[in-house]
There are 2 protein chains.
Amino acid sequence: MRGAILVLSGPSGAGKSTIINHASPNIGDYYFSISTTTREPREGEEHGVDYYFVTHMEFEEGIKAGDFLEYATVHGNYYGTSLKPVNNALDEGKLVIFDIDVQGHRLVRAKMGDYVTSAFITPPTLSELEKRLYARSTDENSVIERRIDNAKEEIKALNEFDFIIINDTVEEASKQFTMIANVARLKQSAEELENFILHWEN
Amino acid sequence: MRGAILVLSGPSGAGKSTIINHASPNIGDYYFSISTTTREPREGEEHGVDYYFVTHMEFEEGIKAGDFLEYATVHGNYYGTSLKPVNNALDEGKLVIFDIDVQGHRLVRAKMGDYVTSAFITPPTLSELEKRLYARSTDENSVIERRIDNAKEEIKALNEFDFIIINDTVEEASKQFTMIANVARLKQSAEELENFILHWEN
């Protein structure tokens, strides 16, 4: 059986990375999809770990070559997901986890909806999100304000997702995430179902 | 938060009841929807436990009164689900589990799709199903043959379900069922999501 895709979206500051790390020992073998971007690395970010950092020219060559499962421009920078490592991980039967925005979710669902389960992770309220973003303080205020404006837009796309995880406590949110990740693996593509039906009578 | 609905379908002999009983201690508080039927009770079946057994006239009065969430005629008998106990259980935040056929699944999804997660349970092969049905031997051969013909039809509707559980071993099937049941509870209706978005900014 081929693997499955779990898309996670939600505002920066929602706690996506914390939840994934916390749930990590309980969700079996997975491949965390690393995005490619043209934006500058933040302090502490590593190439090949947080992102693949590339130039505008390299990114645009990738687009021309059809390398991207999805890509978008956000605040003047490209962000995208290379198709090849995703297909490799699916062939190995792995769960592929994406941390992408609601635009990215739409594109992945449109192209590979057969494999996709999705969850939107959000703090319980906007004011809680603001608190967390300012406490994290890795960004300038103007960047934080932009993230908050984005969050107000993204939250409206909630109903496009299979699940919503309200990150009130990390423990509860990780528990929900673990259940969703494990169930995502049970999802079978239309092709797999057709094959099953074909062989069922023999 | 309101409850959620989990629809189970699959041929008689697939092992639905065994799986539910096996998983029962691990899926929290649930209401198992009892169908109403005009067919004769089989040996050992009890009114109010296995089915509500009613007359044709009683059933047709229920239809006229709009009491049924879904109903259908199968082999000349009515089968249906009363709406009221379902809504009561949902109001109490319970998971409502349905054991209905693929027609019933379509109707429940059409009316209450917002709340529905669904799984199709099947033995791994048709010959395994035949073996189980003849071993159970509660029915005459003609009934078993009709069940097998039904199964061949129902399996084609596999792709309408969120999940498929291949009942190879009861342990593995119950484990999958438990995960699906627990995740079904996380499903929120469009109304609940709208409410969440409305209050999120305040």
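Look up a bit, the structure's there.
Right, let's walk through the structure included here. (Residues numbered from 1 in each chain as written. Chains lettered and ligands numbered in written order. Predicted model: local features only at pLDDT ≥ 70, side-chain atom pairs only at ≥ 80, totals over all residues.)

## Description of the overall build of chain A
- Summing up its helical and strand segments, chain A has 8 helices and 9 strands in all.
- A compact globule built from 202 residues would reach a C-alpha radius of gyration of about 17 Å, and chain A, at 18 Å, matches this within 12%.
- If you line up chain A on its principal axes, its C-alpha atoms span 65 × 40 × 30 Å.
- Sequence-distant contacts in chain A: of pairs separated by 6 or more residues, those separated by 24 or more amount to 72%. (Helix = DSSP H or I, 4+ residues; strand = E, 2+ residues; numbered from the N terminus. Rg over C-alpha atoms; globule rule 2.2 N^0.38 Å. Contact = placed C-beta atoms within 7 Å.)

## Comments concerning the sheet that holds strand β6 (residues 77-82) of chain B
All names here are of chain B.
- Ordered by their spatial adjacency, 4 strands build an open sheet running β4-β3-β6-β5, and the pairing between neighbours is mixed. Here the strands that pair on one side only, and so sit at the sheet edges, are β4 (52-53) and β5 (68-74).
- Where strand β3 (residues 36-37) and β6 come together, 2 bridges link them in antiparallel fashion. Among the inter-strand pairings, Thr 36 is bridged to a residue of β6, identified as Gly 80.
- The sheet contacts of helix α3 (residues 83-91) involve β5 and β6, and relative to β6 the element is tilted by about 30°. (Pairing = 2+ DSSP bridges. Axes fitted to C-alpha atoms, helices over the stretch in contact; angles between N-to-C directions.)

## Structural notes on the relation of the copies chain B and chain A
- Mapping chain B onto chain A is achieved by rotating through 180° and translating by 0.0 Å along the same axis, at an RMSD of 0.0 Å. Here the two chains are linked by the operation of a two-fold rotation axis. Proximity to the rotation axis, assessed at the C-alpha, singles out Met179(B) in chain B; its C-alpha lies 3.3 Å from the axis.
- Comparing interface residues between copies, 100% of those in chain B also lie at the interface in chain A; the contact surface is shared. (Least-squares fit on C-alpha atoms with pLDDT ≥ 70 in both.)

## With respect to the interface of chain B and chain A
- Each partner contributes residues to the interface: chain B has 21 residues there, and chain A has 21 residues.
- For the side of chain B that touches chain A, the elements supplying multiple residues, two or more each, are β9 (163-166), α7 (170-184) and α8 (190-200) of chain B.
- Here the side of chain B that touches chain A takes 5 residues from α7(B), the largest share from any one element.
- Among the residues forming the side of chain B that touches chain A, the class breakdown is 13 nonpolar, 5 polar and 3 charged. (Nonpolar A, V, L, I, M, F, W, Y, C, P; charged D, E, K, R; others polar.)

## Observations concerning the pairing of strand β8 (residues 116-122) of chain B
Residues and elements named next belong to chain B.
- The buried count for β8 comes to 7 of 7 residues, which makes it a mostly enclosed element.
- Pairing analysis gives 5 bridges linking strand β1 (residues 4-9) to β8, with the strands arranged parallel. Looking across to β8, one finds that Ile 5 is bridged to Val 116.
- Bridge analysis of β8 against β9 gives 4 bridges, and the strand direction is parallel. Its bridge partner lying in β9, Ile 121 is registered against Ile 165. (Buried ≥ 20, exposed ≤ 12 C-beta atoms within 10 Å, placed from the backbone.)

## Section: the sheet that holds strand β1 (residues 4-9) of chain A
Residue and element names in this part refer to chain A.
- Read across the open sheet, the 5 strands follow the order β2-β7-β1-β8-β9; overall the sheet is parallel. Only two strands of the sheet have a single neighbouring strand rather than two, namely β2 (30-32) and β9 (163-166). Averaged over all adjacent pairs, the angle separating strand axes in this sheet is 25°, with direction ignored.
- Most of the contacts of helix α4 (residues 102-112) go to β1, to which it runs at about 160°, and overall it touches β1, β7 (95-99) and β8 (116-122).

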